[in-house]
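Understanding the architecture of this molecule
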Amino acid sequence: MDTVMLSRIQFASTTIFHYFFVPVSIGLALLIAIMETMYVRKGNEEYKRMAQFWGKLFLINFAVGVVTGILQEFQFGMNWSDYSRFVGDVFGAPLAIEALLAFFLESTFIGLWIFGWDKVSKKIHLLAIWMVALGTTLSAFWILTANSFMQHPVGFAMNNGRAEMNDFLALITNGQLLVELPHTLLAAYATGAFLVTGISAYKMLKKQDVPFFRRSFEIAAIVGIVSSVGVAVAGHAQAQYLVETQPMKMAASEGLWEDSGDPGAWTVTAFIDPVNKVNSGEIKIPYLLSFLSYSEFSGSVKGMNTLQAEYEQQYGPGNYIPPVRTTFWSFRIMVVAGSLMVVLGLYAMYLMWRKKMERPNTWFMRFMFWGLLLPPIANTAGWIMTEIGRQPWTVFGLMTTEDSVSPNVSAGSILFSVITFNAIYAILGIVLIGLFVKVIKKGPYHMDHDHGESHDPYSKEGTTHAFS
Amino acid sequence: MLSLNELWFVLIAVLFIGFFFLEGFDFGVGMETQILAKNDTERRVLINSIGPFWDANEVWLLTGAGAMFAAFPNWYATLFSGFYIPFVFALLALIARGVAFEFRGKRDSLAWKRTWDACIFFGSFLPPFLLAVVFASFIKGLPIDGDMQMYAGFFDIVNGYTVVAGLTVVMLCLVHGLMFTTLRTVGDLQVRARKLAQKLLLPLAALLLAFVIMTYFMTDVFEQRGALLMVLVVLGIAAYVLSGYFMSIKKDGWAFGMTGAVMALSVLSVFVGLFPRVMISSIDSAFNLTITNAASGHYSLKVMTIVALSLLPFVLGYQIWSYFIFHKRVHEKEHLEY
């Protein structure tokens, strides 16, 4: 394999893995902050226990998210040095600001939160978790500013053969960012929420600590339904922006070879043949593509063949069609997973409204448990669609992926790093799941330490009574 | 008046000095878990003593790299692609170390703890070693061609000079970490930490001296800025002697400050020796990367300057505040997180 392919494998695998944990951190931080706020306002110890129990999962997850994030910052230079030279002027700034503004905030206040339970006042402690939540959100803002530039470059001028920033405000008010940020952030909040409802549903099914988990479930379900409906709305806005700025990605995600005609029909499924550029066995819903693209039931959407011809005129000869099947199916996986989240969330709302959460339907709780997998599936598929659909560009219209790699790094070196990083990531994944299961099994009333009184560190049993 | 390019060179130097000063001691404490600690409780005391800080300390490195990317994209690109394999190892070590702190206390099994303890040790030893190797080869010069691409072989990176630099910084981190331990622990552990630090002063002196002499003969930095570097060396010797003196009279805070000063002066010397270059080509000095040809445009630097200068006071403020909150010593009788 050549260095481009290996570098892509390295970036894709490490980024997908990293992004299992990022949304969980963002979402759980918010939920824990809400729970601790309720504790400080109402003084009810149950909420404190909630913040601590979910906090344990948060910290395990956060650790893996942070360490896998370190590589993210370095591999632009390691594997994509020509890219870094070309856009560093624009792309480096948001990354540096992310570190300065978000990473310091998160890391300092997470230390305060973990070790500060009996060292600072309740309010300062509460402030700490809100600062962590703020930090994770700011982090999302700045990394998405950088990503949005790759999707839709703005605020720069070409100078001496590289992109140089000339309008910082344009960079942080990039139309792409304005649709990508709410979609991504809300998806992250939904991820945290569905993790909490899923685990709570499991514990309620097992009839363990039912009141505790019912309350957790209810808090998270509210956050879950608000955010998953919001994700859909924001996603719709994003699709419309896509038609304007990256029509090829839109066409590929619809498997649309020829122009759709007016009004355009939405393809539900199809067998796509990218070699002969035809589809077979299509199932279509009339009008829907026009609505998705323009919010009205008319309007034609350009197909890949038309766009290919346009791009060749604009950028010279080459293949500008991304891997169609991957783009097409990842989009559908995302949409289906997102829709299921909305359905589950709505039903949970219905149960809560009718006060039926006391004796919830077993089947529904099983669905809610497996529902915790929906957000990660949707997140991953969504990012695959976004990044694969952008190919062959790293920066749309400016620089191709092929031109972005480090010319001085050997394939062997990259292969070595692909293998070692993936191996260590696999171990981390297994350990994390194992620890999650362990914490969940133990439950909130069996914390293995307390934060109030002194005790003999050799005695592990001496601590479990603290909360019971 | 500093130009923006000069200012960003200074800021990056400050970030790396901050990183080595701060993470230096938590790397040292990480190494102590195998060298100084006698049992699991002592290990937990040591880890707890850096618990609230190490993560933020590491962000100094991330911010330094981010600032390099933003202000000197060519420096960032040449550096990280050129040192590909050393960075793979440094990152693997940092990854293992970071999760080890979180994971080690989560199961009651000896094999489990030993595994993560090994990660903490190697994760605390390898990164400072490798980063020092990288910084030393900065001033020694590297095969960088006219396209700013670095094609370095194994011995361009790993050689007598860089290995001495690596060992020097590792030893410095260890002594610095031991002094931190004297500040945050009590009783026997504290006494042993101070004693070990005193014992290590002599080998540290030998390494530092070897590094200075090799730098004199193997690099051009003394030709470039001999007078200034001599001042730094003299200050370094003074700080080193004072650290030994303060250890002997048990003024641990002052001794910690002095070991940190030796560290800061060492890193500062590298940056002073480099300036205005950021990477030195061993092929042709015309191929050197400098604060001019490696930099971002003026507009970008200006924006970054405004952002950095307005955020920095807050960042420093809450970091100092967090050290203040956790200024009390860690006691083995209290609840230990790990």
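Residues numbered from 1 in each chain as written. Chains lettered and ligands numbered in written order. Predicted model: local features only at pLDDT ≥ 70, side-chain atom pairs only at ≥ 80, totals over all residues. Heavy atoms only, no water.

Quick word on the overall build of chain B
Along chain B, the regular secondary structure elements total twelve helices and two strands. Across chain B, helices and strands are ordered from the amino to the carboxyl terminus as α-α-α-α-α-α-α-α-α-α-α-β-β-α. In summary, chain B has a C-alpha radius of gyration of 20 Å against a globular reference of 20 Å for 338 residues, a match within 12%. Principal-axis analysis of the C-alpha atoms places the extent of chain B at approximately 60 × 40 × 35 Å. Taken across its 338 residues, chain B has 64% of its residues classed as buried. Summarising the internal contacts of chain B: among those between residues at least 6 apart in sequence, 79% fall at separations of at least 24. Accessible surface, chain B: about 12400 Å² in total, of which carbon and sulfur atoms supply 71%. The distance from the centre of the 23 positive side-chain charges to the centre of the 22 negative ones in chain B is 11 Å. (Helix = DSSP H or I, 4+ residues; strand = E, 2+ residues; numbered from the N terminus. Rg over C-alpha atoms; globule rule 2.2 N^0.38 Å. Buried < 20%, exposed > 50% of the residue type's maximum accessible area, 1.4 Å probe, protein only. Contact = heavy atoms within 4.5 Å. Areas by Shrake-Rupley, 256 points an atom, 1.4 Å probe, with all protein chains shown as cover. Lys, Arg positive; Asp, Glu negative; His and termini not counted. Charge placed at Lys NZ, Arg CZ, Asp CG, Glu CD.)

Describing the pattern of salt bridges
Under the defined criterion, the tally for this structure stands at 20 salt bridges over all chains. The salt bridge involving Arg332 of chain A is made with Glu254 of chain A; its shortest N-O contact spans 2.9 Å. Taken together, the residues Arg332 of chain A in helix H11 (residues 324–353) and Glu254 of chain A in the loop between helix H8 (247–253) and strand S3 (266–273) connect sequence positions 78 residues apart. Residue Glu254 of chain A is classed as buried on the basis of its relative accessible area of 2%. One network of salt bridges, in which partners are shared, links Asp40, Arg43, Arg104, Lys113 and Asp117 of chain B. (Salt bridge = Lys/Arg side-chain N within 4 Å of Asp/Glu carboxyl O.)

Considerations on the packing of helix H1 (residues 4–35) of chain B against helix H6 (residues 110–140) of chain B
Residues and elements named next belong to chain B. Packing of H1 against H6 leaves a shortest axis separation of 8 Å and a crossing angle of 145°. Taken as a pair, H1 and H6 cross one another with a handedness that is left-handed. Together, Phe16, Phe19, Phe20, Asp26, Phe27, Gly30, Met31, Thr33, Gln34 and Ile35 of H1 and Asp117, Ile120, Phe121, Gly123, Ser124, Phe125, Pro127, Pro128, Leu131 and Phe135 of H6 make up the contact between the two elements. (Axes fitted to C-alpha atoms, helices over the stretch in contact; angles between N-to-C directions. Left-handed = near helix turned anticlockwise from the far one by under 90°.)

Considerations on a nonpolar patch on the surface
There is a patch of nonpolar side chains on the surface, built from Trp329, Ile333, Trp370, Leu373 and Ile377 of chain A and spanning about 500 Å² of accessible area. For Trp329 of chain A, a relative accessible area of 34% puts it in the partly exposed group. (Patch = residues over 30% accessible without salt bridge, like charges linked within 9 Å, V, L, I, M, F, W, Y side chains within 5 Å.)

So, unusual backbone geometry
Put simply, Gln391 of chain A and Pro392 of chain A share a cis peptide bond, and its omega is 5°. Its place among the elements puts Pro392 of chain A in the loop between helix H13 (374–388) and strand S5 (393–395). That bond from Phe275 of chain B to Pro276 of chain B is cis: its omega, 0°, falls within 30 degrees of zero. Relative to the assigned elements, Pro276 of chain B resides in the loop between helix H11 (252–274) and strand S1 (277–279). Unlike most non-glycine residues, Lys277 of chain A shows phi in positive territory, near 55°. With respect to the helices and strands, Lys277 of chain A occurs in the loop between S3 and strand S4 (278–285). Taking the relative accessible area as the measure of exposure, Lys277 of chain A reaches 34% and is therefore partly exposed.

Section: the interface of chain B and chain A
Taken together, the 75 residues of chain B in the interface contact 76 residues of chain A. When the two sides are added together, the surface that chain B and chain A hide from each other amounts to roughly 6700 Å², 72% of it contributed by carbon and sulfur. Viewed at the interface, chain A and chain B are joined by zero salt bridges. Those elements giving two or more residues to the side of chain B that touches chain A turn out to be helix H2 (40–50), helix H3 (54–71), helix H4 (73–82), helix H5 (84–103), H6 and helix H12 (298–325) of chain B. Considering only residue class, the side of chain B that touches chain A consists of 46 nonpolar, 18 polar and eleven charged. (Buried area = accessible area lost by both parts, 1.4 Å probe. Nonpolar A, V, L, I, M, F, W, Y, C, P; charged D, E, K, R; others polar.)

Points about the pairing of S3 of chain A
Residues and elements named next belong to chain A. Pairing of S3 with S4 involves six bridges; the strand directions are antiparallel. Across the sheet, the residue bridging to Phe271 is Ser280, located in S4. What sits between S3 and S4 in their antiparallel hairpin is a turn of four residues, with Lys277 showing a positive phi close to 55°. (Pairing = 2+ DSSP bridges.)

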